[in-house]
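# Residue-level structure breakdown
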Amino acid sequence: MEELTQKRMRVRIPVWTISIVVLSIVSFISSELSSLFIYDRVAILGGELWRLFTSHLVHFSYFHFLYNIIAFGVLGWVIEQQDYPYFGSLLLLMAFIIGVALLVMKPDMLFYGGLSGLAHGAFFYLALHGLYHSLYWRRISLLAIGIISMKVTIEWYQEIFVVNADAEQEYITMHLSHIIGVAVAVMFFLVLAYNKHRENNL
């Protein structure tokens, strides 16, 4: 009984989630920090490689900021409370690969920012882990995987066949970051699952 009480009282501090949310808030408030953090293609090619990581902390409007902060904050909090492994490593890997992919595949894009790529990857990572829980959560996780898979499939179609640039828009959604974020999360999860399977069979 005492052990059960201790488990219920044990609340994990979501260090990665809090850190990213706080840095995003500070970046949103400080234009100087946003300028230092934003994905700037010319600056990155000039050697400012940290922008591949920090660009995800920059947002371009209140809606963009609130939407991403709430989505990422909730997903990250759940993942860290469940203690799913290597969440920090996944975030760093997604941030880097998304940045590099944009650099290679979007040569005409000069600026980029936002947490949506990381949030999409975190969502898929959470849903994949949910497949190992009770039947109820497995069903919810399968539904979530189906929805997000359909979403990124449509976005992939839009990336290839639809010109989504609009001169009247302040910014456009970069679907490629969502697709890459999900792809990295899937590969990361599969590597973890494979390594765990190997350990269990040794």
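Here we summarise the structure given alongside this text. Along each chain, numbering runs from 1 in the same order as the chain's sequence is written. Whole-chain, interface and lining totals are the exception, using all residues; otherwise, since this is a predicted model, local features are given only for residues with pLDDT of at least 70 and side-chain atom pairs are given and counted only at 80 or more. Side-chain measures here rest on the full set of heavy atoms in the structure, leaving out hydrogens and waters.

A separate point is the overall build of the chain. For helices the rule is a DSSP run of H or I covering at least 4 residues; for strands it is a run of E covering at least 2, with both sets numbered from the N terminus onward. From N to C terminus, the chain includes ten helices and two strands. Starting at the N terminus and ending at the C terminus, the chain contains elements arranged as α-α-α-β-α-α-α-α-β-α-α-α. The rule is simple: take the accessible area with a 1.4 Å probe, protein chains only, and divide by the maximum for that residue type; under 20% is buried, over 50% is exposed, in between is partly exposed. Taken across its 202 residues, the chain has 43% of its residues classed as buried. If you take every contact in the chain between residues at least 6 apart in sequence, the share linking residues at least 24 apart comes to 73%. All accessibility values rest on the Shrake-Rupley procedure with a 1.4 Å probe; residue burial counts only the protein chains present in the view. Carbon together with sulfur atoms contributes 68% to the accessible area of the chain, which is approximately 12,200 Å² in total. Residue contacts are counted whenever heavy atoms from the two residues lie within 4.5 Å of one another.

Before going further, it helps to spend a moment on the layout of surface pockets. Space inside and on the surface of the protein is sampled on a 1 Å grid over the protein atoms alone, with a cavity defined as a set of points where a 1.4 Å probe fits but cannot get out and a pocket as an open set with protein on both sides within 12 Å along at least 5 of 7 lines; lining residues have an atom within 4 Å of a point. Grid points are joined across faces, edges and corners, and a volume is the space filled by probe spheres set on the points. Estimated volume of the second largest pocket: approximately 380 Å³. In terms of lining, the second largest pocket is formed by 14 residues, of which the most central are Pro-85, His-129, Leu-192, Ala-193 and Lys-196. Grouping the amino acids of the lining of the second largest pocket by side-chain chemistry returns seven nonpolar, five polar and two charged. Residues are sorted three ways: Asp, Glu, Lys and Arg are charged, Ala, Val, Leu, Ile, Met, Phe, Trp, Tyr, Cys and Pro are nonpolar, and all the rest, Gly among them, are polar.

Our next topic: the side chain of Asp-40. In this fold, Asp-40 is placed in strand 1 (residues 39–40). Positive charges are assigned to Lys and Arg, negative charges to Asp and Glu, while His and the chain termini are left out of the count. Salt bridges, as used here, are contacts in which a Lys or Arg side-chain nitrogen is within 4 Å of a carboxyl oxygen on Asp or Glu. The buried charged residue Asp-40 lacks any salt bridge, with Arg-51 as its nearest oppositely charged partner at 4.9 Å. For Asp-40, the residues in contact, after removing those within four places along its chain, are Arg-51, Leu-110 and Phe-111.

Attention shifts here to the nonpolar core. Nonpolar cores are built from buried Ala, Val, Leu, Ile, Met, Phe, Trp, Tyr and Cys residues. Side-chain atoms within 4.5 Å join them into one set. Within the largest apolar cluster, 49 residues are counted, with the highest numbers of intra-cluster contacts made by Phe-72, Leu-90, Leu-102, Leu-118 and Tyr-125. Of all the elements in the fold, those that place two or more residues in this core are helix 2 (15–29), helix 6 (62–81), helix 7 (87–105), helix 8 (116–130), helix 9 (135–161) and helix 10 (175–200). Beyond its immediate sequence surroundings of up to four residues, Leu-102 is in contact with Tyr-39, Arg-41, Pro-107, Met-109, Tyr-112, Met-174 and Leu-176.

Before going further, it helps to spend a moment on unusual backbone geometry. Phi is positive for Asp-83, close to 60°, though the residue is something other than glycine. One non-glycine residue, Tyr-86, lies in the positive phi region at around 60°. Within the fold, Tyr-86 resides in the loop between helix 6 and helix 7.

Under the pairing criterion, centres of Phe, Tyr and Trp rings, with the six-membered ring standing for Trp, must be within 6.5 Å; the plane angle then separates stacked pairs below 30 degrees from edge-to-face pairs above 60, leaving the rest tilted. Evaluation of the coordinates by the stated rule reveals nine aromatic pairs. For the pair Tyr-136 and Trp-137, a centre-to-centre distance of 5.4 Å together with 75° between the ring planes defines the contact as edge-to-face. Each residue in the set Tyr-125, Tyr-132, Phe-188 and Phe-189 is aromatic and connected to the rest through ring pairs, giving one cluster.

The subject of this paragraph is the pattern of salt bridges. Applying the stated criterion across every chain, the model contains two salt bridges. Across the pair Arg-51 and Glu-48 runs a salt bridge whose closest N-O atoms are separated by 2.6 Å. By relative accessible area, which is 6% here, Arg-51 ends up buried. Overall, Glu-48 belongs to the partly exposed group, its relative accessible area being 26%.

Turning to the side chain of His-129, a few remarks are in order. The topology assignment puts His-129 in helix 8. Ignoring sequence-local partners within four residues, the contact set of His-129 consists of Tyr-84, Pro-85 and Phe-189.

Attention now moves to the packing of helix 2 against helix 7. Their axes nearest at 9 Å, the elements helix 2 and helix 7 cross at an angle of 40°. Taken together, the axis directions place helix 2 and helix 7 in an arrangement best described as oblique. Each of Trp-16, Thr-17 and Ile-20 in helix 2 lies in contact with helix 7, whose residues at this interface are Phe-87, Gly-88, Leu-91 and Leu-92. Of the residues belonging to the contact of helix 2 with helix 7, the class tally is five nonpolar, two polar and no charged. Between N-to-C directions, angles span 0 to 180 degrees; the directions come from axes that are lines fitted to C-alpha atoms, helices contributing only their stretch in contact. Should an angle fall under 35 degrees it is called roughly parallel, over 145 degrees roughly antiparallel, and 65 to 115 degrees roughly perpendicular, with every other angle called oblique.

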